[in-house]
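Letter by letter, the chains look like this.
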Amino acid sequence: MSVASYFDTMDYAPSNEDDSAARDWLAAHDHRFGHFIGGQFTDPADGFDTFEPATGKVLAQVSRGTSADVGIAIAAARKAQKGWAALSGHERALKLYALARIIQRNARLIAVVEALDNGKPIRETRDIDIPLAARHFYHHAGWAQLQDSQFPNHDPLGVIGQVIPWNFPFLMLSWKIAPALALGNTVVLKPAESTPLTALLFAELAQAAGLPDGVLNIVTGEGETGAFLAGHEGIDKVAFTGSTDVGRKIRAATAGSGKSLTLELGGKSPFIVFEDADLDAAVEGVVDAIWFNQGQVCCAGSRILVQEGIAADFYARLNTRMQGLRVGTSLDKTIDMGAVIDADQRARISGMVDRAVAQGAQLLQADVALPEGGTYYPPTVLCNVPSTAEAASEEIFGPVAVSMTFRTPDEAVLLANHSRYGLSASIWSENINQALDLAASVEAGIVWVNCTNVMDAGVGFGGVKESGFGREGGREGCYDYLRPRAFAKAALRKTVAPAKPKGFALDAVDRTAKLFIGGKQARPDGNHSTSVVGANGQVLGAVGLGNRKDIRNAVEAARAAASWGGKSQHNRAQILFYLGENLSARADEFADRLRDMTGVKADKAKAEVAASIARLFSYGAWADKYEGTVHMPPMRGLALAVPEAIGVAGVICPPEAPLLGFVSAVAPLIATGNRVVAIPSEPHPFSVTDFYQVAETSDLPAGVLNIVTGDPNALGAELAKHNDVNALWAFGSAELARTVEQLSVSNLKRTFTDNGRAWDWNSPDAEGEHFLRHATQVKNIWVPYGA
Ligand code: NAI
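From a predicted model like this one, the values you see are computed outputs, not experimental measurements.

Let's talk about the UniProt feature "active site" (unreviewed entry) in the chain
Okay, so step 1: When the UniProt feature table is mapped onto this chain numbering, "active site" (unreviewed entry) sits at Glu-264.
Okay, so step 2: Among the secondary structure elements, Glu-264 is positioned in strand S11 (residues 260-264).

Below is the structure:
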């Protein structure tokens, strides 16, 4: 065969990576593994096989973690945590650096074990997964080194339970373990049942690198073992990556426990191609977007949206490229795609494809030879998929993209955002205005301009909507493994039921405060009101008793005020200052009200009003200063980390500090562009209902602040269930925290609760970046930059 004919046919023989070191490693363990707990491997116990997807052959047997195993591992992690956290940042940095180095020294072995266990091409494990994993340890060695200066007044969370999936077993492990350990936490990690081997290999390497016993524990097992871990009371945080369904279960299981939680879940990410795109580059982008790792990527560009005028040309080029892809066994260095994870996954993929075709989708599929024996599925595109088809909205998690066309940029945004997910988006256009305009409009945690599936340890990764919450990587990822010291010791709040009036008598002039919805005072739907009793037992007036319908109206008004998020930060700053000014003009009236309601002395009441005015000014100040970061990852381009508003936020105000508690929660939310539905303190609601007069005179647009009085537990539950509420802050009883966290699973809204612990709202710690971080979600926009 001549060289020219090689170029023509691209037909060449397999070139297999040597797997002898990996096989030797498995043989040295007799192909049977226990768990890694407290620095040692336990004896192999009752377990299950892990297979080689490329051939279907058994690789090894691992143990099935029982609840007792999980408990022992957590105890080991707990025992090690104090000592690990007590090391200096530099000492921990040295350990993480040692982990990075030992990964690099053993990169080939890890890459081969990973390719064998997962079925993905060795080219990817060797060139992407393992180098990026090492980079995670380097990067986080850096955060350990800088911890004291960069994260003052923050402590590690403690013991972290981590559950990871099978699509990037080693990379995902490093994403989870590196930040947790760097910042002084210890870990119990459960790898996915189908890909446990590199986690066990890593345990051995960590031991050799001198990681102290108990700092890292690996318990293998299936979903049940994961559930034991996530539900165990001995851990302080769950960090989960996997399916949205399991993410929901974990949210429900951890509700009210006080555990931190980050969820990195599924996606159905748009890949948007404009007619002015470099089409060949965009075709290559699709190869990376949906055929990298057989499409088993949470941020895969699985929904191709192509501008109508170029669709035929684009599909033709894509088809040509697709036909040239090579599918093969994972150790063959010349392949583009390997096997999918197992037979169940393959059946799931082909079922979804068949159903989409039956519904009218047009099938483009690579006519490639698939190796015998393993679980292979060819590269596939489903064109003109009806938007009602399951394949158009559900995650396929295989090498299958669905494709639709659009005409205008607005239509592209509509289609892109028509998904319950919001993990990533990729935008292809040679017009920078168009690309960046869209980058702002798509609902996603990560946006790639003229690139796709690029990731780095220094750039936060994570989604919005039902793709989960929290970020991994970079500074924002570090905060997810820390807690502010200020609130750690707050005492449990004693909840006091509002005093009941005696009889029907009103001691004051009859005044019933209405609700405040969409900039207007509104009667409660049920026409019920309740009397508010002051500190001296007198009835001060009445407030409406809001119900589900009032919450619905308030949320609708808040949604309609979406333009608040698009206002300039300067504009929002001005309005917050103005709110402060108008409150100050009525300071005496507000102080009297506080005194009447709560019985505090006059000077304390005045101090609460003054603190509230100052806090409004603080958030006015922050409004144009809480900005993003420009990341410079080690690849061409920049990543712009932009904090964005979450959307509509519910706020259950704390019962104490009726004015300052309300301002402390609401001001950071509106300063960052959210719209709020606030439920005032139940025993002392008038400071908030009086505040709407301040709002009305301060140019705050209608719908940005809505107030519904009534039972915070009932109204909190309504807000938690509402699918158009994107975030919910709840300060009240521990039971309230549990309820809102449990019910928030509907749309996986972001919650922020005090777990029934009364924070000191007067403290300077009750304002600032901690609250602003909860009020925003970071969108990382990758843009080309430089040569
Ligand atoms: P999964 O979400 O069930 O598994 C992920 C991890 O969670 C595994 O370690 C598993 O053992 C564990 N797990 C399962 N049930 C659990 C529970 N109740 N409590 C705690 N941990 C539990 O994902 P699976 O079944 O492997 O894949 C199913 C689908 O999920 C895929 O087809 C894909 O659509 C999606 N998926 C998404 C991933 C992502 O990165 N977003 C990763 C893996 C799967």
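Remarks on the packing of helix H5 (residues 107-118) against helix H7 (residues 169-182)
Okay, so step 1: It is at 9 Å that the axes of H5 and H7 come closest, and there the two elements cross at 115 degrees. Across the interface between the two elements, Ile-110, Glu-114 and Asn-118 from H5 touch Pro-169, Phe-170 and Leu-171 from H7.
Okay, so step 2: Partitioned by chemical class, the residues of the contact of H5 with H7 number four nonpolar, one polar and one charged.

Here's the deal with the side chain of Thr-375
Okay, so step 1: Within the secondary structure, Thr-375 sits in the loop between strand S14 (362-365) and strand S15 (380-383).
Okay, so step 2: Take Thr-375: its relative accessible area is 11%, and that puts it in the buried class.
Okay, so step 3: Excluding anything up to four places from it in sequence, Thr-375 contacts Pro-53, Ala-339, Val-340, Ile-341, Asp-342, Ala-343 and Arg-346.

Describing the environment of Val-381
Okay, so step 1: Tracing the sequence through the fold places Val-381 in strand S15.
Okay, so step 2: A relative accessible area of 0% means that Val-381 is categorised as buried.
Okay, so step 3: Here Val-381 is in contact with Trp-291, Leu-318, Met-322, Gln-362, Leu-363, Leu-364, Ala-401 and Ser-403, once residues within four sequence places are set aside.

Examining the sheet that holds strand S26 (residues 529-533)
Okay, so step 1: Ordered in space as S23-S27-S26, the three strands form an open sheet in which the pairing is mixed. A single partner strand is all that each edge strand has here, and the edge strands are strand S23 (512-513) and S26.
Okay, so step 2: Inspection of the sheet shows S23 paired to strand S27 (residues 539-544) by two bridges, in the parallel sense. Of the residues in S27, the one forming a bridge with Thr-512 is Ala-542.
Okay, so step 3: Here helix H23 (residues 686-696) sits on the sheet in contact with S23, S26 and S27, set at roughly 65 degrees to S27.

Looking at the sheet that holds strand S12 (residues 270-273)
Where strands meet in a sheet, backbone hydrogen bonds hold them as pairs that are either parallel or antiparallel.
Okay, so step 1: Spatial ordering of the open sheet is given by S14-S15-S16-S13-S12-S18-S19-S35-S29-S28, a layout of 10 strands whose pairing is mixed. The sheet terminates laterally at S14 and strand S28 (629-631), the two strands that pair on one side only. On average, each strand axis in the sheet is tilted by 20 degrees relative to the strand beside it, whichever way the strands run.
Okay, so step 2: Bridge count between S12 and strand S13 (residues 303-307): four bridges; the pairing is parallel. Note on S13: the bridge partner recorded for Phe-271 is Ile-304.
Okay, so step 3: Against the sheet, helix H12 (residues 311-323) contacts S12, S13, S14, S15 and strand S16 (400-406), and its axis sits at roughly 135 degrees relative to S13.
Okay, so step 4: Helix H15 (residues 409-417) contacts S12, S13 and S16 of the sheet and is inclined by roughly 145 degrees relative to S16.

Topic: the pairing of S11
Okay, so step 1: Taking burial as the measure, the five residues of S11 include four buried ones, the bulk of the element.
Okay, so step 2: Taken together, the five bridges between strand S10 (residues 237-241) and S11 define a ladder with parallel strand orientation. Pairing of Ala-239 across the sheet is with Thr-262, part of S11.
Okay, so step 3: Since S10 and S11 lie parallel, the crossover through helix H10 (residues 244-254) that links them has a hand, and here it is right-handed.
Okay, so step 4: Summarising the sheet, S11 and strand S21 (residues 468-469) pair through two bridges and their orientation is antiparallel. Each bridged residue has a counterpart across the sheet, and for Leu-263 the counterpart in S21 is Phe-469.

What about the pattern of salt bridges?
Opposite charge on two side chains permits them to pair, given that their charged atoms come into close proximity.
Okay, so step 1: In the structure shown here, the tally under the stated rule is 37 salt bridges.
Okay, so step 2: Arg-251 is paired through a salt bridge with Glu-741; the nearest N and O atoms lie 3.4 Å apart. Here Arg-251 is found in helix H10, whereas its partner Glu-741 is found in helix H25 (residues 734-743), with 490 residues between them in sequence.
Okay, so step 3: A relative accessible area of 6% places Glu-741 in the buried class.
Okay, so step 4: Between Glu-284 and Arg-321 there is a salt bridge, with the nearest N and O atoms lying 3.0 Å from each other. With Glu-284 in helix H11 (residues 279-291) and Arg-321 in helix H12, this residue pair connects regions lying 37 residues apart in the sequence.
Okay, so step 5: Given the relative accessible area of 26%, Arg-321 is considered partly exposed.
Okay, so step 6: One continuous salt-bridge network, built from bridges that share partners, spans Arg-248, Glu-394, Arg-420 and Glu-466.

What to know about the UniProt feature "domain: Aldehyde dehydrogenase" (unreviewed entry) in the chain
Okay, so step 1: In the UniProt entry, the feature "domain: Aldehyde dehydrogenase" (unreviewed entry) is given for residues 47-485 and 532-752.
Okay, so step 2: This span, residues 47-485, is 44% helix and 18% strand, and a straight line between its end C-alpha atoms measures 42 Å.
Okay, so step 3: Segment residues 532-752 splits into 48% helix and 18% strand. End C-alpha atoms: 28 Å apart.

A few points about the site of the ligand
Okay, so step 1: Around the ligand there are 27 residues in total, and Ile-164, Trp-166, Lys-190, Glu-193 and Ser-243 lie nearest to it.
Okay, so step 2: One of the side-chain N or O atoms of Trp-166 is found 2.5 Å from an oxygen atom in the ligand.
Okay, so step 3: For the ligand, a nitrogen atom lies 3.3 Å from a polar atom in the backbone of Gly-242.
Okay, so step 4: In isolation the ligand offers 800 Å² of accessible surface; the protein chains occlude 85% of this area.
Okay, so step 5: Contributing elements (two or more residues each) for the shell around the ligand: helix H9 (223-231), S10, H10 and helix H13 (343-358).

Observations regarding the nonpolar core
Okay, so step 1: Within the largest apolar cluster, 115 residues are counted, with the highest numbers of intra-cluster contacts made by Leu-197, Phe-202, Trp-291 and Phe-314.
Okay, so step 2: Broken down by element, the residue count for this core peaks at 10 residues, all from H7.
Okay, so step 3: Excluding anything up to four places from it in sequence, Leu-197 contacts Trp-25, Leu-26, Phe-33, Thr-50, Leu-59, Ala-60, Val-62, Val-113 and Asp-117.

Some points on the confidence of the model for the chain
Okay, so step 1: Looking at the chain as a whole, the pLDDT averages 96, with 99% of positions reaching at least 70.
Okay, so step 2: Among the prediction metrics, the complex's ipTM stands at 0.96, with pTM recorded as 0.96.

So, the side chain of Ser-419
Okay, so step 1: Mapped onto the elements, Ser-419 comes out in the loop between H15 and strand S17 (421-422).
Okay, so step 2: Within the structure, Ser-419 has its side chain in polar contact with the backbone nitrogen of Tyr-421 (distance 3.0 Å).
Okay, so step 3: Aside from chain neighbours lying at most four places away, what touches Ser-419 is Lys-268, Arg-303 and Lys-465.

Quick look at helix H24 (residues 712-721)
Okay, so step 1: Taking burial as the measure, the 10 residues of H24 include seven buried ones, the bulk of the element.
Okay, so step 2: For H24, the set of buried residues is Pro-712, Leu-715, Gly-716, Ala-717, Glu-718, Leu-719 and Ala-720.
Okay, so step 3: On the buried face of H24, the contacting elements are helix H18 (548-560), strand S30 (648-652), strand S31 (675-679), strand S33 (727-730) and H25.
Okay, so step 4: Between the side-chain oxygen at the start of H24 and the backbone nitrogen of Asn-713 there is a gap of 2.9 Å, and the oxygen is on Asp-711.

As for the packing of H11 against H12
Okay, so step 1: The N-to-C vectors of H11 and H12 enclose an angle of 55 degrees; their axes lie 10 Å apart at closest approach. Relative to H12, the element H11 is oriented oblique. Two packed elements cross with a definite hand, and for H11 against H12 that hand is right-handed. Note on element contacts: H12 touches H11 through Asp-313, Phe-314, Arg-317, Leu-318, Arg-321 and Met-322, opposite Leu-279, Asp-280, Ala-282, Val-283, Glu-284, Val-286, Val-287 and Trp-291.

So, H10
Okay, so step 1: Looking at H10, one finds that the buried residues are Thr-244, Gly-247, Arg-248, Ile-250, Arg-251 and Thr-254. The buried residues of H10 all sit within an arc of 165 degrees when viewed along its axis, so they share a single face. Along H10, exposed side chains directed more than 90 degrees from the buried face belong to Asp-245 and Lys-249.
Okay, so step 2: Immediately downstream of H10, the backbone of Gly-256 shows phi near 75 degrees, a positive value.

Cut-off values and rules
- Residues numbered from 1 in each chain as written.
- Predicted model: local features only at pLDDT ≥ 70, side-chain atom pairs only at ≥ 80, totals over all residues.
- Heavy atoms only, no water.
- UniProt positions renumbered as here; feature names shortened; annotations may be inferred.
- Helix = DSSP H or I, 4+ residues; strand = E, 2+ residues; numbered from the N terminus.
- Axes fitted to C-alpha atoms, helices over the stretch in contact; angles between N-to-C directions.
- Contact = heavy atoms within 4.5 Å.
- Nonpolar A, V, L, I, M, F, W, Y, C, P; charged D, E, K, R; others polar.
- Buried < 20%, exposed > 50% of the residue type's maximum accessible area, 1.4 Å probe, protein only.
- Pairing = 2+ DSSP bridges.
- Right-handed = clockwise from strand over helix to strand, strands pointing away.
- Salt bridge = Lys/Arg side-chain N within 4 Å of Asp/Glu carboxyl O.
- Near = heavy atom within 4 Å.
- Polar contact = N/O pair within 3.5 Å; in protein donor to acceptor, adjacent residues only side chain to side chain.
- Areas by Shrake-Rupley, 256 points an atom, 1.4 Å probe, with all protein chains shown as cover.
- Core = buried A, V, L, I, M, F, W, Y, C linked by side-chain atoms within 4.5 Å.
- pLDDT = per-residue confidence, 0-100.
- Parallel < 35°, antiparallel > 145°, perpendicular 65-115°, else oblique.
- Left-handed = near helix turned anticlockwise from the far one by under 90°.
- Arc of directions from axis to C-beta.

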